[in-house]
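Listed below, chain by chain, are the residues.
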Amino acid sequence: MTASAGPLDIYWYLPTHGDGPYLGSDERHRPPTFGYMRDIAQAADRLGFKGVLLPTGPYCEDAWITAAALVPLTERLRFLVALRPGSGTPAMFARHAAALDRISNGRALFNVVTGADPKDLAGDGNKLGHGERYEQTDEFLTIWRRILSGEAADFEGKYLSSHGRGLSFPPVQSPHPPIWFGGSSDAGIDVAARHADVYLSWGEPVHQLGEKLGRVRARALAQGRRIRFGLRIHLIVRETEEKAWAAADDLISRITDDQIAAAQNEFLNVSQSVGQKRMSALHGGRRDKLVVGPNLWAGLGLVRGGAGTALVGSPENVAARLREYQAIGIDTIIGSGYPHLEEAFSVAELLFPQLGVTGESAHTVGADNQTFESGVRPKRTA
């Protein structure tokens, strides 16, 4: 299928927790230095990616500070910054959001993250249960949106309150920077329907994801709102199917059975995330059940929390699969690949032409010896 099907916005991922060619292994591990994050962001900026996602968690560099540092080093790239409602007040985050939006001249986006490992939440002082966290998120976004929109923010809720003056320095984007939100539980879908501009989901089989998006769409319409949809998925694209599947096998070649058992126990018995359980159910922790749809591979989900699937294959086949997601309403893809610097080039060089995405020639990136410390295109290591 060709780009005549219409445009897709393609974003990339910043691995602020570290990177490398092998999942579940420290072999050839790359720490998340600022220089490495800069290299990935600048490559994405020039190659034609529309933006980058910055995750959150105790094992990640802070998303807000990292984004603020990278903004002046990029030109067009948008920064989708993780925002965790339970870790600060709506007024404080509204001021931070407005500042980042102004500094970036309207390139700030915010990914609201309600779910997490209970131990991580406890570390932030958030002891609320699953349903209570979504109630808190609803109150948080009600206040946050009002403040950024210049409305009176007087609000007294069960968990949060806000009274007093609004912002002295409003954001560039109106009425506020876009809200991205993911959540597969009924409570998460209700919050998305009321507040989200973009509903973000991990890569499930098309028919399964289509059913969930239909529920989100219906609940948003019941609120008098329309919502866009994004897909968070890994991409393993090579010149041929054989090369792509070999790369997928190599990516998980260092994972042990003990690692898989420990990770699956965590996902199924400790995590409260409905989306995480849906990811794990695709393969059941079995190495022989990893192909869960045409070109859809669940190998990363053996040990990686969150987005656990990848589209694997030739440029033509991966593009065709993305068009199938587009047919059910997806208009934005947030991709990633290990290592993220090399794989940004692979996706841009091989997949972008199939999708009609344009950017500066990959071979010119770094030619002025400013983008990369080495001044040359990085070699693929996996």
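Residues numbered from 1 in each chain as written. Predicted model: local features only at pLDDT ≥ 70, side-chain atom pairs only at ≥ 80, totals over all residues. Heavy atoms only, no water.

Caption draft 1: Region of the structure containing the overall build of the chain. When helices and strands are tallied, the chain shows twelve helices and 14 strands. Computed over C-alpha atoms, the radius of gyration of the chain comes to 20 Å, within 12% of the 21 Å expected from 2.2 N^0.38 for 382 residues, which places it in the range of a compact globule. Each of the three principal axes of the chain carries a C-alpha extent, and together these read 60 × 50 × 40 Å. Within the chain, the proportion of its 382 residues that are buried is 55%. A sequence separation of at least 24 residues applies to 75% of the contacts in the chain between residues at least 6 apart. Carbon and sulfur atoms provide 52% of the accessible area of the chain, an area that totals close to 15600 Å². One way to put it: in the chain the 41 positive side-chain charges average out to a point 3 Å from where the 43 negative ones average out. (Helix = DSSP H or I, 4+ residues; strand = E, 2+ residues; numbered from the N terminus. Rg over C-alpha atoms; globule rule 2.2 N^0.38 Å. Buried < 20%, exposed > 50% of the residue type's maximum accessible area, 1.4 Å probe, protein only. Contact = heavy atoms within 4.5 Å. Areas by Shrake-Rupley, 256 points an atom, 1.4 Å probe, with all protein chains shown as cover. Lys, Arg positive; Asp, Glu negative; His and termini not counted. Charge placed at Lys NZ, Arg CZ, Asp CG, Glu CD.)

Caption draft 2: Layout of the pattern of salt bridges. In total, this model carries 18 salt bridges according to the counting rule given. Of the charged contacts, one joins E27 and R254 as a salt bridge, the two residues approaching to 2.9 Å between their closest N and O atoms. A residue pair is termed long-range when its members are at least 10 positions apart, and E27 in the loop between β1 (9-13) and α1 (34-47) and R254 in the loop between α8 (241-251) and α9 (257-270) qualify at 227 residues. Judged by its relative accessible area of 35%, E27 falls in the partly exposed class. A residue is classified by how much of its surface remains accessible, and R254, at 32% relative accessible area, is partly exposed. For E342, the salt bridge identified is with R30, shortest N-O distance 2.7 Å. Placement of E342 in helix α12 (residues 340-355) and of R30 in the loop between β1 and α1 is noted, with a sequence separation of 312 residues between them. Each member of the pair, E342 together with R30, is buried. (Salt bridge = Lys/Arg side-chain N within 4 Å of Asp/Glu carboxyl O.)

Caption draft 3: Region of interest: the packing of aromatic side chains. A full pass over the atoms with the stated rule returns nine aromatic pairs. Aromatic side chains W64 and F110 sit 5.0 Å apart centroid to centroid with 25 degrees between the ring planes, which places their arrangement in the stacked category. Of the two residues, W64 sits in helix α2 (residues 63-70) while F110 sits in strand β4 (residues 108-112), which places them 46 residues apart along the sequence. An aromatic cluster is defined as three or more aromatic residues linked by ring pairs; in this entry it consists of W64, F93, F110, F140 and W144. Lying across the ring of Y22, R254 places its NZ or CZ 3.8 Å from the centre. (Phe/Tyr/Trp six-rings, centres within 6.5 Å; stacked < 30°, edge-to-face > 60°. Lys NZ or Arg CZ within 6 Å of the ring centre and 35° of its normal.)

Caption draft 4: Inspection of the side chain of R133 at higher detail. Considering the arrangement of structural elements, one finds R133 in helix α5 (residues 130-148). Buried within the structure, R133 lacks any salt-bridge partner; its nearest side chain of opposite charge belongs to E132, at an N-O separation of 7.5 Å. At a separation of 3.2 Å, a polar atom in the side chain of R133 contacts the main-chain carbonyl oxygen of L128. (Polar contact = N/O pair within 3.5 Å; in protein donor to acceptor, adjacent residues only side chain to side chain.)

Caption draft 5: Seen up close, unusual backbone geometry. Cis geometry is adopted by the peptide bond preceding P175, which originates at S174 and carries an omega value of 0 degrees. Within the secondary structure, P175 sits in the loop between β6 (161-162) and β7 (179-181). P339 follows Y338 through a cis peptide bond whose omega is -15 degrees. With respect to the element layout, P339 can be found in the loop between β14 (330-334) and α12. Located in the positive-phi region is N105, a residue other than glycine, with phi close to 60 degrees. Inspection of the secondary structure puts N105 in the loop between α3 (90-103) and β4. Residue class for N105 comes out exposed when judged on its relative accessible area of 62%.

Caption draft 6: Fine view of the confidence of the model for the chain. Counting all residues, the mean pLDDT for the chain is 89, and 91% of those residues have values of 70 or more. Every residue in residues 361-382 is under pLDDT 50, and counting partners more than four places away or in other chains gives 54 contacts. (pLDDT = per-residue confidence, 0-100.)

Caption draft 7: Broad picture of the packing of helix α11 (residues 315-327) against α12. In the contact formed by α11 and α12, the axes pass within 9 Å of each other and the chain directions differ by 50 degrees. Considering the angle they form, α11 stands oblique to α12. Between α11 and α12 lies a crossing whose hand is right-handed. For the pair formed by α11 and α12, the contact residues are P315, E316, V318, A319, L322 and R323 on the first element and L350, L351, Q354 and L355 on the second. (Axes fitted to C-alpha atoms, helices over the stretch in contact; angles between N-to-C directions. Parallel < 35°, antiparallel > 145°, perpendicular 65-115°, else oblique. Left-handed = near helix turned anticlockwise from the far one by under 90°.)

Caption draft 8: Focus on the sheet that holds strand β13 (residues 310-313). Strand order in the open sheet formed by four strands is β10-β13-β12-β11, with mixed pairing between adjacent strands. Sheet topology places β10 (234-237) and β11 (291-293) at the edges, where each strand pairs with a single neighbour. The strands touched by α8 are β10, β11, β12 (296-297) and β13; relative to β13, the strand with the most contacts, the crossing angle is about 135 degrees. (Pairing = 2+ DSSP bridges.)

Caption draft 9: Representation of helix α6 (residues 186-195) within the structure. Turning to α6, its buried residues number three or more, namely G188, I189, V191, A192, A193 and H195. Where α6 is buried, its residues meet α5, β7, β8 (198-202) and α7 (206-222).

Caption draft 10: Structural view of the pairing of β8. For β8, the tally of buried residues reaches four of five residues, placing the bulk of the element in the interior. Both β7 and β8 contribute to a ladder of two bridges, which runs parallel. Residue pairing for β8: W180 is matched across the bridge by V198. As for the winding sense of the linkage, the β-α-β connection from β7 through α6 to β8 is right-handed. (Right-handed = clockwise from strand over helix to strand, strands pointing away.)

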